[in-house]
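In case you want the letters, here they are:
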Amino acid sequence: MTNPLTEGMASNATNIVLRRYNLVEKYKKDPAAIIAYIHDKALSDDRRDTLYALAELSYLYGERLEKSVAVDKQVLAPDYFLVASIYAYLFLLDDRSDPASNAFDIRARTAIDLYNFGLWRGMATGDAGALKLSAVVRTLPVGTLAITVDLTKYPWKLEEFERFEPVDNYVIRGISIRNRSKGVGSALIGVKKKSQEIPFPQAVPTTIFLRINANLVELTAGTATASLEFYSAYDDNILEVKGRRAPLETDTTTPAAYVLETSQLWGLGMGAFLGNKFESIPNGLHLTQPYRPGRIPVVFVHGTFSNPAWWAEMLNTLRGDPILQQKYQFWAFLYNSSAPIVASASDLRDALKNKFTQLDPEGKDPALREMVVVGHSQGGLLTKLTVVETGDSLVYALTGKDLDSLGLPEEKKVETKRLLVVEPVPEVKRVIFISTPHRGSILSKGWVRSLIRKIVTLPAKIFDTSLSLSDYYTKDVKRIIGNSVGSTSIDGMSPDSPILKTLAATSLAPGVVGHSIIAVKGEGDPKLGNDGVVAYTSAHLDGMESEFIVRSGHSSQGHPFTIEEVRRILLEHLGTQAKPIQ
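Just so you know, these numbers come straight off a predicted model, no measurement behind them.

What follows deals with the packing of aromatic side chains. When we look at a pair of aromatic rings, we describe it by the centre distance and by the angle of the planes. This model, assessed by the stated rule, comprises 16 aromatic pairs. Following the ring pairs from residue to residue traces out a cluster consisting of Tyr154, Trp156, Phe161, Phe164 and Phe230. Over the face of the ring belonging to Phe161 we find Lys192, whose NZ or CZ atom lies 5.6 Å from the ring centre. Positioned above the aromatic ring of Trp156 is the side chain of Arg292, whose terminal nitrogen or guanidinium carbon lies 5.9 Å from the ring centre.

So, in structure tokens, the structure goes:
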């Protein structure tokens, strides 16, 4: 159907109204006068199609004004866009003797789109077209509208945001699916202000809805009021308008893509592994969305040469699920993947504990105690080190003695205990291992480890937290991994690593449920295969609740079958059964 949004032209329905009043040619010459004329007619003419025509004609004129070279005309464009939104709203919801449009009337969907687009373009009255979303009295070409702001159902304060931007100003790249639900309201990117606690950009998928508490007569008389309502796309997306239930227009993908595009994350991979970007990395746990009590955290832990951006495909899909969106909140752990595994795992455990204390110091949020941790590759090893109790087994694997028998100086003993005597994080109740080298990587050969040691520069902070127990190592351990201060995570992922061998044989803590997703390239018996980095025999763990094979290379976290399996597991965690992929 031809309309202002598809072809930049009035639809046949609008042309019918123009012809009714013999205004087709006159509209071309003086749109403002004709809009005012038809508006006056609509005050006494109850036919609903007049309101629809006014919505289209006002939107078209707004676009003409916006493209004008005259600044005094450009500034009028938002007023006509807002008027278009009001007319569309009244076409759909005004009380008139002419019946409201039904679900089969194509004008209804177009009117919703005119309302949505007209709303955000009508609010673009700031510098360079920035949105101004505040209480204001707008003097419009056909009347006056007093707008108030309603944050009743919005979980954040406006002062927490740097700005809001329309999702329709952006084209998505890097993510295959755009999760956008059709409905009423204008979908926005709510860009939160940066802080020391939130060093990376954080964007909230927001929808605004202008609830008009007036009719056309009141708008003309200057007594019309409206409420600008804010909603989070993470919440229940149904609102009630005049006794009718309507879904909100939402977009959870564009804000996520905006964060990735405007942050350092894409660049934190190989450079960080080599050590030349480590100091710029805010090593720790980062919330990809503002904390919401009552929602279970899912923590993603990336692998080697990687960063949280590699979870974008999975995160986008999971957030697009209406059940998971309401029940979970998604976090990510960022770390230097060249650091020794036990050091990174200790940082992860500390980060989780600190976050719990920060967010819920009184322990009132039970959802925080049902956490799910998902780890890919090396991240899976860090994940396992959140849900095991090792006692002195890791210390013994390196030294042949328990911790107390080593006779370490007190300071070194405390640090060794923090890194190697692992206690489970009690809040973590379920873990998912993806392409995880529990028994080492087929690429962690001796010559590879020697080369990595030569080119990786571990910063001083890593040396400060690394083990320096080489004098206490057994001869076999010294032969296998050498001096631990110079070792990297690649050493830790060697099939010969005593730490890895011991960890692989350590069961998950009681009450923790584990799942394995194992990538295998090609066809044939998966038990004989590998993903190019990790063999099936290394990724397999006995005692898991489930094991799922995905035919993929090592970077399997973005594979649709992997994502669907994680979705199934998260639904299972809620007590909802989903059928496994056949």
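So that's the structure; there's more coming.
Considering the arrangement of structural elements, one finds Thr250 in strand S10 (residues 250-251). When its relative accessible area of 7% is taken as the criterion, Thr250 is described as buried. For Thr250 and Leu188, which are 62 residues apart along the polypeptide, the C-alpha to C-alpha distance reads 8.2 Å. Excluding its chain neighbours within four sequence positions, the residues that come into contact with Thr250 are Asn179, Arg180, Ser181, Ala187, Thr207, Ala233 and Asn237. Engagement of the side chain of Thr250 in a polar contact is seen with the side chain of Ser181, the distance being 2.4 Å.

Turning to the pattern of salt bridges, a few remarks are in order. The tally for this structure, following the rule as stated, stands at 32 salt bridges. Notably, a salt bridge pairs Glu162 with Arg163, separated by 2.3 Å at the nearest N-O pair. Between Arg295 and Asp235 there is a salt bridge, and its shortest N-O distance comes to 2.6 Å. With Arg295 in the loop between strand S11 (284-287) and strand S12 (296-301) and Asp235 in the loop between strand S7 (224-232) and strand S8 (238-241), this residue pair connects regions lying 60 residues apart in the sequence. Here the salt bridges do not stand alone but share partners, grouping Arg109, Asp113, Asp168, Arg180, Lys182 and Glu249 into one network.

Let us look at the nonpolar core. Counting residues in each nonpolar core, the largest one holds 74 residues, and the members touching the most others are Tyr87, Leu133, Leu145, Phe209 and Leu210. With 14 residues, helix H6 (residues 77-93) is the largest single contributor of residues to this core. Apart from residues lying up to four places away in sequence, Leu133 is in contact with Met123, Val149, Leu158, Phe164, Leu188, Ile208, Leu228 and Phe230. By size, the runner-up hydrophobic cluster in this structure holds 48 residues, among which are Leu287, Ala345, Val425 and Leu541.

As enumerated under the stated definition, the model contains three cavities of 30 Å³ or more in all. Of the voids in this model, the second largest cavity is the one considered here, and its volume is about 50 Å³. In this structure, the second largest cavity is lined by Asp113, Asn116, Phe117, Trp120, Asp168, Arg180, Lys182, Gly185, Ser186, Ala187 and Glu249. Secondary-structure elements contributing two or more residues to the lining of the second largest cavity are helix H7 (106-122) and strand S5 (186-192). Per-element tally for the lining of the second largest cavity: the top contributor is H7, with four residues. Its residues placed into classes, the lining of the second largest cavity shows three nonpolar, three polar and five charged.

Another point: the packing of helix H4 (residues 49-66) against H7. Where H4 contacts H7, the two axes come as close as 11 Å, and the packing angle between them is 40 degrees. When the axis of H4 is compared with that of H7, the two are oblique. Regarding H4 and H7, the two cross each other, and that crossing is left-handed. Side by side, H4 and H7 meet where Asp49, Tyr52, Ala55, Glu56, Tyr59, Glu63 and Glu66 of the first sit next to Arg107, Thr110, Ala111, Leu114, Phe117, Gly118 and Arg121 of the second.

Here we come to the side chain of Asn179. Along the chain, Asn179 turns up in the loop between strand S3 (161-166) and strand S4 (180-181). Contacts of Asn179, omitting those with residues within four sequence positions, involve Thr250, Asp251, Thr252, Thr253, Asn316, Thr317 and Gly320.

Further remarks concern the sheet that holds S11. Ordered by their spatial adjacency, seven strands build an open sheet running S11-S13-S12-S14-S15-S16-S17, and the pairing between neighbours is mixed. Only two strands of the sheet have a single partner each, and these edge strands are S11 and strand S17 (546-551). Strand after strand, the sheet turns through a mean of 20 degrees between neighbouring axes, direction not considered. Sheet topology note: the S12/strand S14 (residues 371-376) ladder contains four bridges and is parallel. Its bridge partner lying in S14, Val298 is registered against Val372.

As a further point, take the environment of Ile208. Structurally, Ile208 can be placed in strand S6 (residues 203-212). In this structure the C-alpha to C-alpha distance between Ile208 and Ser186, which are 22 residues apart in sequence, comes to 5.4 Å. If sequence neighbours within four positions are ignored, Ile208 has contacts with Leu119, Leu133, Gly185, Ser186, Leu188, Leu228, Glu229 and Phe230.

Attention shifts here to helix H1 (residues 12-20). All of the buried residues along H1 are Ala13, Thr14, Val17 and Leu18. In an axial view of H1, the angular spread of the buried residues amounts to 140 degrees, which keeps them on one side of the axis. Summarising the geometry of H1, the exposed residues directed more than 90 degrees from the buried face are Asn12 and Arg19. Contacts from the buried residues of H1 go to helix H2 (24-29), helix H3 (31-42), H4 and H7. Just downstream of H1 lies Asn22, where phi reads positive at about 55 degrees.

So, how was this worked out
- Residues numbered from 1 in each chain as written.
- Predicted model: local features only at pLDDT ≥ 70, side-chain atom pairs only at ≥ 80, totals over all residues.
- Heavy atoms only, no water.
- Phe/Tyr/Trp six-rings, centres within 6.5 Å; stacked < 30°, edge-to-face > 60°.
- Lys NZ or Arg CZ within 6 Å of the ring centre and 35° of its normal.
- Helix = DSSP H or I, 4+ residues; strand = E, 2+ residues; numbered from the N terminus.
- Buried < 20%, exposed > 50% of the residue type's maximum accessible area, 1.4 Å probe, protein only.
- Contact = heavy atoms within 4.5 Å.
- Polar contact = N/O pair within 3.5 Å; in protein donor to acceptor, adjacent residues only side chain to side chain.
- Salt bridge = Lys/Arg side-chain N within 4 Å of Asp/Glu carboxyl O.
- Core = buried A, V, L, I, M, F, W, Y, C linked by side-chain atoms within 4.5 Å.
- 1 Å grid on protein atoms, 1.4 Å probe; cavity = no way out; pocket = protein on both sides within 12 Å on 5 of 7 lines; lining within 4 Å.
- Points joined across faces, edges and corners; volume = space filled by probe spheres on them.
- Nonpolar A, V, L, I, M, F, W, Y, C, P; charged D, E, K, R; others polar.
- Axes fitted to C-alpha atoms, helices over the stretch in contact; angles between N-to-C directions.
- Parallel < 35°, antiparallel > 145°, perpendicular 65-115°, else oblique.
- Left-handed = near helix turned anticlockwise from the far one by under 90°.
- Pairing = 2+ DSSP bridges.
- Arc of directions from axis to C-beta.

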